[in-house]
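# Residue-level structure breakdown
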Amino acid sequence: MEKRLLHTPEGVRDIYGNELKKKQQVQMHLMDAFGSFGYKRIQTPVFEYFDVFSKEIGTTKSNELYKFFDKEGNTLVLRPDFTPSMARCAAKYYLEEDIPVRFSYCGNTFTNASELQGKLKEVTQTGVELIGDGTQSADAELIHLAVTALKKSGLKQFQISIGEIEFFKGLCEEAGLSEEMESQVRELISNKNYFGVEEYITEEGIAKDKAEAFLKVAELFGSYDCLEEAKALVTNEKSLKAVKRLEKLYDTLKAFGDEKYVSFDLGMVSKYNYYTGIIFKAYTYGVGDAILKGGRYDNLLSYFGKSAPAIGFMIVVDDLMIALNSQKLTPDCNPDIEYLLYDKIMYKDAMKVADKRRGLDKKVECVAFAEGKHIDDYVRYGYNNMVSKIYRLTSDEKVLVYDLADDSADALPVDNYDLKAFLGREE
């Protein structure tokens, strides 16, 4: 007999049963939070043309993309990131629109990165994009929405760390770094390789005081007070303006009551080069990486033919679920399937019973009682497969009811009805 593959490739996994139900419930809570702020659902293709995620746009590296070809020879990729897809959609469908547009989405992304040891290569992301609003009010709205959504998911303790990519860019200009050098330093800082930063800028002959400023950036994180330290570290106008924007943003977030969830990190950069203003990440207990990432990307849409500012964030649902599980905060998902177990000659009557229950908004699974099986076999199956009750329809037109709410109970019926009485009774 030919062997069958029963396992999945590295970096992907099956999700089913109660785990999947809890994940879907959390996704629903997140999408409800987005909808309450007026963000409208949009669904984009799982694969796009390679150019949507090209190096020029500043998204995922080419060697981390899952690439393939269509019959015309065009290079296609599985989406590694939603933001460029959202930008493409906005440019295509809202090219002439000058009123802000709000999108929300939920779907899977794919990253073929070998360094992601132990991490999934296919993850579920949900998030929002606000396109056409370059004001600080939009920045505050996105942070406030991020706080609201994470709380709605069930999370209680988390921190949203906020940075400003313009602070880093101003520092690079002040030090006289070329675009290539800036990219290299960004990569090193993104990987928290501060020894590498020191070695690189020393080799490049950067002035000692400017070089030291890059190393001190790594220490500029924490409460609002670190913004004062940031202003003392630089003299260039771009960096100073970036800090002032963060100060104003904090004032607004205080008015929302979000200040306890907010901290700052002036050394924060991103592997995505399309970010132009604030960038932010959310962290919580039980997960080593950020569960939420976002920022402003005012130039990205111009690659697709529309000039408009934009800001957004995404939540890695799989990592959020790990955090919720570790903190014992996952939603309760009570069994909600009714199992209609019938003798074969009672098939037509079983369908009547099932349709009556479905008419009462019940979920009903119909199964013929198999020879050689005992009711205990079906009760055991029910406990493991989200079954709340078993209705046993017998050949003598009786309906026996087994309540599986108590998984320690014996497999004994709690009710016994005549079929006609059962069909005629009201809930």
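Scope of this entry: the structure provided in the associated data block. No experiment lies behind these values; they were computed from the predicted model shown. (Residues numbered from 1 in each chain as written. Predicted model: local features only at pLDDT ≥ 70, side-chain atom pairs only at ≥ 80, totals over all residues. Heavy atoms only, no water.)

## A short note on the overall build of the protein
The helix and strand inventory of the protein stands at 13 helices and 17 strands. Radius of gyration (C-alpha) of the protein: 28 Å, far over the 22 Å computed for a compact globule of 427 residues. With respect to the principal axes defined by its C-alpha atoms, the protein has extents near 95 × 55 × 45 Å. Looking at the protein residue by residue over its 427 residues, the buried ones come to 47%. Considering only residue pairs separated by 6 or more positions, the protein has 68% of its internal contacts joining residues 24 or more positions apart. In the structure as shown, the protein presents an accessible area of about 22400 Å², 49% of it carried by carbon and sulfur atoms. Side-chain charges of the protein comprise 56 positive and 70 negative groups, with the mean position of each set lying 4 Å from the other. (Helix = DSSP H or I, 4+ residues; strand = E, 2+ residues; numbered from the N terminus. Rg over C-alpha atoms; globule rule 2.2 N^0.38 Å. Buried < 20%, exposed > 50% of the residue type's maximum accessible area, 1.4 Å probe, protein only. Contact = heavy atoms within 4.5 Å. Areas by Shrake-Rupley, 256 points an atom, 1.4 Å probe, with all protein chains shown as cover. Lys, Arg positive; Asp, Glu negative; His and termini not counted. Charge placed at Lys NZ, Arg CZ, Asp CG, Glu CD.)

## A few points about the packing of aromatic side chains
Here the structure, examined in full by the defined rule, presents 16 aromatic pairs. Between Phe34 and Phe313, the aromatic rings sit 5.9 Å apart at their centres with planes inclined by 70 degrees, giving edge-to-face as the arrangement. Note that Phe34 is positioned in helix α1 (residues 17-36) and Phe313 in strand β12 (residues 310-316), a separation of 279 residues in sequence. Taken as a pair, Phe34 and Phe313 share a single burial class, namely buried. One aromatic cluster is present, built from ring pairs that chain together Tyr339, Phe369, Tyr378 and Tyr381. (Phe/Tyr/Trp six-rings, centres within 6.5 Å; stacked < 30°, edge-to-face > 60°.)

## A word on the side chain of Thr330
Within the secondary structure, Thr330 sits in the loop between α10 (317-326) and β13 (337-342). Apart from residues no more than four positions distant in its own chain, Thr330 is found in contact with Lys22, Met321, Leu324 and Asn325.

## Here's the deal with α1
Taking 1.5 Å as the rise per residue, α1 with 20 residues should run 28 Å; its terminal C-alpha atoms sit 29 Å apart, in good agreement. All buried positions along α1 are accounted for by Lys21, Lys23, Val26, Gln27, Leu30, Met31, Ala33 and Phe34. Residues of α1 that are buried in the fold lie against β1 (40-41), β5 (101-110), β6 (122-131), α3 (136-152), β12 and α10. With its phi angle positive at about 90 degrees, Gly38 sits one or two positions after the end of α1. (Expected span 1.5 Å × (residues − 1).)

## Some words on the sheet that holds strand β11 (residues 292-296)
Spatial ordering of the open sheet is given by β1-β5-β6-β12-β11-β10-β7-β9-β8, a layout of nine strands whose pairing is mixed. Two strands bound the open sheet, and with one partner strand each, they are β1 and β8 (221-222). Pairing of β5 with β6 involves 10 bridges; the strand directions are antiparallel. Bridge assignment links Cys106 to a residue of β6, and that residue is Thr126. (Pairing = 2+ DSSP bridges.)

## Topic: the nonpolar core
In a soluble, globular protein the nonpolar side chains are often hidden away together inside. Counting residues in hydrophobic clusters, the biggest one holds 94 residues, and the most contacted among them are Phe34, Ile162, Phe214, Phe280 and Phe313. Residue contributions to this core peak at nine residues, all from α3. Those residues within four positions of Phe214 in sequence are excluded, and the remaining contacts are Phe168, Leu171, Cys172, Ala175, Leu177, Val185, Val197 and Ile201. Counting residues in each nonpolar core, the second largest holds 13 residues, with Tyr342, Ala354, Val364 and Val399 among its members. (Core = buried A, V, L, I, M, F, W, Y, C linked by side-chain atoms within 4.5 Å.)

## Details of the pattern of salt bridges
Per the counting criterion, the structure on display carries 22 salt bridges. A salt bridge links Asp319 to Lys119; the nearest nitrogen and oxygen atoms lie 3.9 Å apart. Of the two residues, Asp319 sits in helix α10 while Lys119 sits in the loop between β5 and β6, which places them 200 residues apart along the sequence. Assessed through its relative accessible area of 33%, Lys119 is described here as partly exposed. (Salt bridge = Lys/Arg side-chain N within 4 Å of Asp/Glu carboxyl O.)

## Some points on the pairing of β6
Of all 10 residues in β6, nine are buried, a share of seventy percent or more. By the bridge criterion, seven bridges tie β6 to β12 in an arrangement that is antiparallel. Looking at β12, one finds that Glu129 is bridged to Gly312.

## With respect to the sheet that holds strand β14 (residues 363-368)
Sheet architecture is open: five strands sit in the order β14-β13-β15-β16-β17, paired in mixed fashion. The two strands at the open ends of the sheet, each matched to only one other strand, are β14 and β17 (415-418). In this sheet, neighbouring strand axes are inclined to one another by 20 degrees on average, regardless of whether the strands run parallel or antiparallel. In this structure, strand β16 (residues 398-403) lies alongside β17, joined through four bridges in antiparallel fashion. Each bridged residue has a counterpart across the sheet, and for Val401 the counterpart in β17 is Asp415. Set on the sheet, helix α11 (residues 347-359) makes contact with β13, β14 and β15 (387-393); between it and β13 the angle comes to about 165 degrees. Each of β13, β14, β15 and β16 touches helix α12 (residues 375-384); the most contacted strand, β13, lies at about 165 degrees to it. (Axes fitted to C-alpha atoms, helices over the stretch in contact; angles between N-to-C directions.)

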